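Chain and residue survey
Here are the chains, one letter per residue:
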Amino acid sequence: MTSTGSHNAITVAAVDYEPEDEAEREAEEQRAAEERAEVSRIAHEQAEKQRAEKERKKQEQASRARAAAASAEIDRKRREKEKIAEAEAERKRRQEAKRAEDEVKRAEQAAAEKSERRSS
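An account of the accompanying structure is given in this report. (Residues numbered from 1 in each chain as written. Predicted model: local features only at pLDDT ≥ 70, side-chain atom pairs only at ≥ 80, totals over all residues. Heavy atoms only, no water.)

Moving on, we get to the overall build of the chain. Looking only at helices and strands, one finds two helices and zero strands in the chain. Of all 120 residues assigned to the chain, the portion counted as buried reaches 1%. Of the accessible surface of the chain, which amounts to about 11,000 Å², a share of 54% is contributed by carbon and sulfur atoms. (Helix = DSSP H or I, 4+ residues; strand = E, 2+ residues; numbered from the N terminus. Buried < 20%, exposed > 50% of the residue type's maximum accessible area, 1.4 Å probe, protein only. Areas by Shrake-Rupley, 256 points an atom, 1.4 Å probe, with all protein chains shown as cover.)

This is how it looks when you write it as structure tokens:
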């Protein structure tokens with residue numbers, strides 16, 4: 001059995017090939033493809049969850065930033081109103097002081113005029 005015998009062994013091996021082996025191989029390939037699809041689906045779901053979580057955190061951060069900006073604006077307006085109220089109070093205080101000063105001058109002038117009339 002030289003090369004001819006060897007060739008016959010290959011032929012015999014090919015003839016011994018069963019269709020059941022082919023079906024089993026195809027079934028194994030199908031299972032492997034399904035497993036790969038499942039792994040891919042799970043990876044896709046995880047990536048989608050991570051993307052959704054990242055987006056949620058981004059939205060929360062934006063919401064906090066908007067709330068902080070609104071709070072800062074409210075504080076700014078409150079400080080502005082306080083400043084206006086303080087300026088108004090100061091204006092009224094000065095006006096009242098001027099009025100009191102004018103009243104004192106009028107009273108002094110009236111007393112001086114009265115004193116002059118008595119002297120004359």
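Still more ground to cover, so stick around.
This paragraph deals with the pattern of salt bridges. Under the defined criterion, the tally for this structure stands at 19 salt bridges. Salt-bridge contacts for Arg41 lead to Glu38; the nearest nitrogen and oxygen are separated by 2.4 Å. Of this pair, Arg41 and Glu38 both sit in helix 2 (residues 19-119), separated by three residues, roughly a single helical turn. Classification of Arg41 as partly exposed rests on a relative accessible area of 36%. Given the relative accessible area of 36%, Glu38 is considered partly exposed. Among the ionic pairs, Glu88 bridges to Arg91, the shortest N-O distance being 2.4 Å. (Salt bridge = Lys/Arg side-chain N within 4 Å of Asp/Glu carboxyl O.)

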